[in-house]
Amino acid sequence: YTSRLSSAASDVYKRQAPNSPAIFSGDWGPVMTLNLATRHRELGNDIVEVILELSVEAKQQDTTAFLVEVQQAGLFLMRGMSQEQMAQILGSYCPAQLYPYAREVVADLTGKGGFPQVHLKPVNFEALIEEARRRDAAGDGASADAPPA
């Protein structure tokens, strides 16, 4: 098993298994938690960097089996659109383009860590944006610019 893995750019992805090797004894039936967030920054010349932040935590009762964190980024040309259109694209289209790569990293890191590979289901970012807008309109304080974490 791999007890700790990080890359040269450790802020891009990491996997931790803080309770190895003890976590491998007994039955495997963890509760998984997925958190998603997006952020972006303008780089000039109509180019925007979008970063999809994804974390997956697996717990066996109260014990953390593993934590995988991925930051998948992409550069997008954003020209000739309104602010509303840009917000929609940054919140749904761009993360949807990045998510398959982040899913692959999660499956790869969990498998290489000695755990069963975690195959995340597809995410409908458009639906997440709409849900955030509804909550924002209801005064729940959620941002309509990014999927909820």
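Rules of the game
- Residues numbered from 1 in each chain as written.
- Predicted model: local features only at pLDDT ≥ 70, side-chain atom pairs only at ≥ 80, totals over all residues.
- Heavy atoms only, no water.
- pLDDT = per-residue confidence, 0-100.
- Helix = DSSP H or I, 4+ residues; strand = E, 2+ residues; numbered from the N terminus.
- Contact = heavy atoms within 4.5 Å.
- Salt bridge = Lys/Arg side-chain N within 4 Å of Asp/Glu carboxyl O.
- Buried < 20%, exposed > 50% of the residue type's maximum accessible area, 1.4 Å probe, protein only.
- Phe/Tyr/Trp six-rings, centres within 6.5 Å; stacked < 30°, edge-to-face > 60°.
- Core = buried A, V, L, I, M, F, W, Y, C linked by side-chain atoms within 4.5 Å.
- Pairing = 2+ DSSP bridges.

**Re the confidence of the model for the protein chain**
Here is step 1 of the chain: Per-residue pLDDT for the protein chain averages 84, and the proportion of residues at 70 or more is 83%.
Here is step 2 of the chain: Predicted confidence in the protein chain is weakest over strand β1 (residues 4-6), with a mean pLDDT of 42, and strongest over strand β3 (residues 31-44), with 94.
Here is step 3 of the chain: Overall, residues 1-10 carries pLDDT values under 50, and its contacts beyond four positions in sequence, including any with other chains, amount to 15 contacts.

**Focus on the pattern of salt bridges**
Here is step 1 of the chain: All told, the structure shown has 6 salt bridges when counted by the stated rule.
Here is step 2 of the chain: The salt bridge involving Asp46 is made with Arg79; its shortest N-O contact spans 3.0 Å. Taken together, the residues Asp46 in the loop between β3 and β4 (47-60) and Arg79 in the loop between β5 (63-77) and α1 (83-112) connect sequence positions 33 residues apart.
Here is step 3 of the chain: For Asp46, a relative accessible area of 39% corresponds to the partly exposed category.
Here is step 4 of the chain: A residue is classified by how much of its surface remains accessible, and Arg79, at 53% relative accessible area, is exposed.
Here is step 5 of the chain: Here Arg133 and Glu130 are joined by a salt bridge, their closest N and O atoms 3.1 Å apart. Separated by 3 residues within a single helix, Arg133 and Glu130 lie in helix α2 (residues 125-137), roughly one turn from each other.
Here is step 6 of the chain: Here Glu130 falls in the partly exposed class, since its relative accessible area comes to 33%.

**Quick look at the packing of aromatic side chains**
Here is step 1 of the chain: Under the counting rule described, the total for this entry stands at 3 aromatic pairs.
Here is step 2 of the chain: Each residue in the set Trp28, Phe66 and Phe115 is aromatic and connected to the rest through ring pairs, giving one cluster.

**Considerations on the nonpolar core**
Here is step 1 of the chain: The biggest cluster of nonpolar side chains holds 29 residues, and the ones touching the most others in it are Leu54, Phe66 and Val106.
Here is step 2 of the chain: Only β4, β5, α1 and α2 provide two or more residues apiece to this core.
Here is step 3 of the chain: When residues of this core are assigned to their parent elements, the largest contribution, 9 residues, is made by α1.
Here is step 4 of the chain: Once you skip the residues sitting within four places of it in the chain, Phe66 turns out to touch Gln16, Ala17, Trp28, Met32, Val56, Glu57, Ala58, Thr110, Phe115 and Val118.

**Examining unusual backbone geometry**
Here is step 1 of the chain: The backbone phi angle of Asn45 is positive, close to 55°, even though this residue is not glycine.
Here is step 2 of the chain: Along the chain, Asn45 falls in the loop between β3 and β4.
Here is step 3 of the chain: One non-glycine residue, Asp46, lies in positive phi territory at about 65°.

**A word on the pairing of β4**
Here is step 1 of the chain: In terms of burial, β4 is a largely internal element, 10 of the 14 residues being buried.
Here is step 2 of the chain: The sheet contact formed by β3 and β4 spans 13 bridges and is antiparallel. Note on β4: the bridge partner recorded for Arg39 is Ile51.
Here is step 3 of the chain: Linkage of β3 to β4, two consecutive antiparallel strands, is achieved through a turn of 2 residues, within which Asn45 is found at a positive phi near 55°.
Here is step 4 of the chain: Taken together, the 14 bridges between β4 and β5 define a ladder with antiparallel strand orientation. Paired with Val48 across the strands is Phe76, a residue of β5.
Here is step 5 of the chain: Taking the residues that link successive antiparallel strands as the turn, the β4-β5 hairpin has 2 residues, and the phi of Gln61 there is positive, at about 55°.

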